[in-house]
Amino acid sequence: MARTDDRGISRRGMIRTMGVCAAAALGAGAAEDGGQHSPPRTAGQNSVLGLKHPPLDKVRIGLIGAGSRGMSLLRNLLDIDGVAVTAVCDIVPQRVAAAQARVVEKGQPSPAGYSAGETDFEHLCRRDDVDIVYVITPWECHATMAVTAMNAGRHVAIEVPAAITLQECWDLVDTAERTGRHCMMLENCCYGETEMLVLNMVRAGLFGELTHGEAGYLHAFVEGLIGTADGTVWRRRHLQRSDGNLYPTHGLGPVALYMDIHGGDRFATLVSMSSCERSLSRVRDQLPEGDPRRQETYACGDVNTTLIKTSLGRSIMVQFDIVTPRPYDRLNMICGTQGTFRDYPPRIYLKGKTQGHAWDTDLAPYLEAYGHPLWKQLKSRATESGGHGGMDYLMNWRLVQCLLAGRPLDMTVYDAVAWSSVFPLSIASVTQGSMPLAVPDFTRGQWQKPRPLLADDV
């Protein structure tokens, strides 16, 4: 799964000082009412569904955020032909220097470096030798930095989630539509080998008409959350302030693609419920007497369950849990009138084909028959470059190839904000006693238009 460095972009605590990222965004989600309508486009805005730009001879990249996640993606990008990393930004100068050295080691000129404070990323965005800006920073900085980049004429690739308030979601949509720039969320789980296999099986009709999906981010991470006394650890701060589904997109993205959300269906309503909070406070209480962390309280329940209803009547369950002891799981389940796929571990049941009432756990025949051509073509290269089993490499490779070919990207700003909107909407629903809320139509009525998904001709 894709996740930024737990210390954020700086050990000095970016949340505390980053005025340009609108500190109010941390708590704004809890006050939002669910966004019952979609505001009309203003003059000069146009839909970016199917957005294309002229082919590029080389994709010139500016990187904001050179922590552990940023350096991991940088490694992938430098392994891809046609990429030039021209600028790097981080408020920690040593990280900028390390990123520059990595680029030089791969035979490229040293990129320009920006580390002169919290607004220096704006200078990177204005460079004429940057085609796309990668935003790999703490969550509350994503939308602000992406809007800045698009206003400067750059395309944007944003780490997950793309936004954490509904206002940020609309800011991203309106800016992308006004500037005509690509704005894609770097949801690497959509590019996993298993996820792309299931997408191909859905397209082939093996599961029949889809009716229900399940998604999640279930990752025991409690020691990482409370492993430092520094009160600016930004992930823990979210758990202190908000109760909801705070990291929805890793599980939800692939299921949304299976259901072709924004290519014939959309999220219509949402309801969310959280369990009581116990696990993180129990670890807190075991800290030594006098430790300042013992004074912390946590708003977020151990397990959040969010239910989404789509316009076609399908249902999706999305779960979030990073504190209870359990094996890692993204759920990744899809079922229809002819069969079901369930992951962790992967297994398939197809009506009339699977024997008896047991799951088929041998994926090899399915990978042979329905494995995505991009994985068959790039698997050795992807696994060698690394990044969550190769999905990071494939995601970056695919994005670069689309820009080089002048093709639409696999996902749009509407996908980025719809998947991310579960964050603020779930908080609002939980706050209102698990009240059902409308999910805004970020496409403004254009979600029924068919679109290609992860075609293999690029």
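Since we're looking at a predicted model, the values are computed, not measured.

### Overview of the sheet that holds strand β14 (residues 437-438)
Next up, step 1: Strand order in the open sheet made by the eight strands is β13-β12-β11-β7-β10-β9-β8-β14, with mixed pairing throughout. With one partner strand each, in any of the chains shown, β13 (347-350) and β14 form the two edges of the open sheet.
Next up, step 2: Alignment of strand β7 (residues 210-218) against strand β10 (residues 315-321), held across seven bridges, turns out to be parallel. Following the sheet pairing, G216 is matched in β10 by Q319.
Next up, step 3: Sheet contacts for helix α17 (residues 422-431): β8 (267-274), β9 (304-310) and β14; angle to β8, the most-contacted strand, approximately 55°.

### Quick word on the side chain of H142
Next up, step 1: With respect to the helices and strands, the residue H142 is situated in helix α6 (residues 142-151).
Next up, step 2: Overall, H142 belongs to the buried group, its relative accessible area being 0%.
Next up, step 3: For H142, the side chain forms a polar contact with the main-chain oxygen of P161, separated by 2.6 Å.
Next up, step 4: When sequence neighbours within four positions are dropped, the list of residues in contact with H142 reads V135, T137, I158, E159, V160, P161 and A162.

### Re the pairing of strand β5 (residues 155-158)
Next up, step 1: The alternating pattern of β5 places H155 and A157 on one face and V156 and I158 on the opposite face, and all of these are buried.
Next up, step 2: As defined by bridge partners, strand β4 (residues 132-135) adjoins β5 across four bridges and the pair is classed as parallel. Across the sheet, the residue bridging to V133 is V156, located in β5.
Next up, step 3: The handedness of the β4 to β5 crossover, carried by α6, is right-handed.
Next up, step 4: By the bridge criterion, three bridges tie β5 to strand β6 (residues 183-185) in an arrangement that is parallel. Bridging across to β6, A157 finds its partner in M184.
Next up, step 5: For the segment spanning β5, helix α7 (residues 166-179) and β6, crossover handedness is right-handed.

### Digging into the environment of R293
Next up, step 1: Assignment of secondary structure puts R293 in the loop between α12 (279-284) and β9.
Next up, step 2: Along the primary structure R293 and E384 are separated by 91 residues, whereas in three dimensions their C-alpha atoms are 41 Å apart.

### Quick notes on the nonpolar core
Proteins that are soluble and globular tend to have nonpolar side chains buried together.
Next up, step 1: Within the largest apolar cluster, 136 residues are counted, with the highest numbers of intra-cluster contacts made by Y134, L172, Y191, F207, F267 and W419.
Next up, step 2: Per-element tally for this core: the top contributor is helix α15 (residues 391-405), with nine residues.

### Some details on the state of the cysteines
Next up, step 1: Evaluated as defined, the whole model comprises zero disulfides.
Next up, step 2: No disulfide involves C89; its nearest neighbouring cysteine sulfur is the one of C125, lying 8.2 Å away.
Next up, step 3: With no disulfide of its own, C183 lies 10 Å from the sulfur of C169, the closest cysteine sulfur.
Next up, step 4: Residue C183 is classed as buried on the basis of its relative accessible area of 3%.

### Concerning the sheet that holds strand β2 (residues 83-89)
Next up, step 1: The strand order across the open sheet formed by six strands is β3-β2-β1-β4-β5-β6, and the pairing between neighbours is parallel. Of all the strands in the sheet, the pair left with one neighbour each is β3 (112-114) and β6. Strand-to-strand twist across the sheet, computed as the mean angle between neighbouring axes with direction ignored, equals 25°.
Next up, step 2: α15 rests against β1 (59-64), β2, β4, β5 and β6 of the sheet, and its axis sits at about 160° to β4.

Cut-offs used in this document
- Residues numbered from 1 in each chain as written.
- Predicted model: local features only at pLDDT ≥ 70, side-chain atom pairs only at ≥ 80, totals over all residues.
- Heavy atoms only, no water.
- Pairing = 2+ DSSP bridges.
- Helix = DSSP H or I, 4+ residues; strand = E, 2+ residues; numbered from the N terminus.
- Contact = heavy atoms within 4.5 Å.
- Axes fitted to C-alpha atoms, helices over the stretch in contact; angles between N-to-C directions.
- Buried < 20%, exposed > 50% of the residue type's maximum accessible area, 1.4 Å probe, protein only.
- Polar contact = N/O pair within 3.5 Å; in protein donor to acceptor, adjacent residues only side chain to side chain.
- Right-handed = clockwise from strand over helix to strand, strands pointing away.
- Core = buried A, V, L, I, M, F, W, Y, C linked by side-chain atoms within 4.5 Å.
- Disulfide = S-S within 2.5 Å.

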